[in-house]
Amino acid sequence: MNNLNALPTYPDEDLAELSSVELIDTLIENEDRVPRNVIDECVRRGDEITNYLRTLHEDDFLWQLDGSDGEWWLRYHCEDRNLDWFIRVNAIDPIMAALSRQGGEALEQALAWLGTLAADEDEDWEFRLVAASMLLNFPRDQYRQLLEELEARQSGWGKHFDMQSIEQAYAGQYYPPEWERFTDPWKFYEPEAITKRQIRWREEDEKERLRSLNRTPNYPANPYDPYYLQEPYVRPEPKVGRNDPCPCGSGKKYKKCCLAKE
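This one's a predicted model, so the numbers in the text were calculated from it and none came from an experiment. (Residues numbered from 1 in each chain as written. Predicted model: local features only at pLDDT ≥ 70, side-chain atom pairs only at ≥ 80, totals over all residues. Heavy atoms only, no water.)

Trainee: Where do I start with the environment of I166 in this structure?
Mentor: With respect to the helices and strands, the residue I166 is situated in helix α10 (residues 163-170). Along the backbone, I166 and P139 are 27 residues apart, and their C-alpha atoms lie at a distance of 8.6 Å. Not counting residues up to four positions away in its chain, the partners in contact with I166 are L136, R144, L147, E148, E151 and F161. (Helix = DSSP H or I, 4+ residues; strand = E, 2+ residues; numbered from the N terminus. Contact = heavy atoms within 4.5 Å.)

Written out as C-alpha cells, the structure reads:
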C-alpha cells in the first residue's frame, strides 16, 4: 500500500508537456490516487487521448487477467460510452444532477431528453429502464403513460419499478434522486476521499489476511466458494508488453513505438 501521507501532485504546466502515452502511464501508476487535474488534462486532449485508449482496448490491454492494479483502475477512469449501458447510465447521473440544481427550463429540457432515451426502442432495455426510473424522481404528467407502459413490460424478479412506485411518485411520495447523496461527482479525486479510501481498503486487506490465516488447510476446490481460484488462462504465444522492446526492431519500447502509432 502506498504512503497515505504522500498523495501524488502534478503542476498543470507539467501535465501539459506530457504525451498521451505518458499521461495514461500516470493514470496507471497512481491507480485510485489520481488527482483531479490529471483527469482534466485527459479530457482536454479530446480525440487524441480517446483514440489512444481505444487502441489499448482493442489490443486487450485493458482486459488482461494478469494486469496490474493500475491497469484495472484505468478502466474506471477512462471508459468509452459504447462499452456498456451501465457506464452510460453513470454518465447521465451528473448531467441530471447539474441540471436539476438549475431547475426551471433547464430541468424540463433534461427530463424531456431523459424521456426520449427511455422511449427509444433501439436503446438497450436495461438502459431504458434505469433512465425511466430517474423520471420517478421528478414526476411529470407527460411521462406517466411511458412509465406505466414500461412497467407493464417488466416481469419476474428484479423489476426496476412497479405500479405502486409510480402511484406513490405521482402522489408526492417519491424518493429524492440518488445523486443528492453525491453532490460532487468529482469527489472521488479529492485528497480527503483518496485518503479515506486507502484507509478503508487497508482495513479490508487486513481482515482478508486474518481470514486466510484461519482458513482450513486443504480446503476442497469448489467453484462456488469465494476463495476458489481457477487455473489462469495461458496464451499460446507470449504477448508483447507495453514496456517490452518493439517487435519492429526500432529499439524503442512497444508503447512508444508501434502501439502509439496504431
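Here the narrative resumes.
Trainee: Sorry if this is basic, but what is going on with a negative patch on the surface here?
Mentor: Residues D12, E13, D14 and E17 make up a contiguous surface patch of negative charge. Relative to the elements of secondary structure, D14 occurs in helix α1 (residues 12-17). Residue classification places D14 among the partly exposed residues on the basis of a relative accessible area of 44%. (Patch = residues over 30% accessible without salt bridge, like charges linked within 9 Å, V, L, I, M, F, W, Y side chains within 5 Å. Areas by Shrake-Rupley, 256 points an atom, 1.4 Å probe, with all protein chains shown as cover. Salt bridge = Lys/Arg side-chain N within 4 Å of Asp/Glu carboxyl O. Lys, Arg positive; Asp, Glu negative; His and termini not counted. Charge placed at Lys NZ, Arg CZ, Asp CG, Glu CD. Buried < 20%, exposed > 50% of the residue type's maximum accessible area, 1.4 Å probe, protein only.)

Trainee: Where do I start with the pattern of salt bridges in this structure?
Mentor: Close approach of charged atoms allows side chains with opposite charge to pair. Evaluation of the coordinates by the stated rule reveals 13 salt bridges. Residues E121 and R128 are paired through a salt bridge, measuring 3.1 Å at the closest nitrogen-oxygen approach. Owing to a relative accessible area of 2%, R128 belongs among the buried residues under this scheme. Between E208 and R211 there is a salt bridge whose closest N-O contact spans 2.9 Å. In this pair, E208 and R211 both sit in helix α11 (residues 191-214), three residues apart, roughly one turn of the helix. Residue E208 is classed as partly exposed on the basis of its relative accessible area of 27%. The partly exposed category is assigned to R211, whose relative accessible area is 42%. One salt-bridge network, in which partners are shared between bridges, spans E41, R44, R45 and E48.

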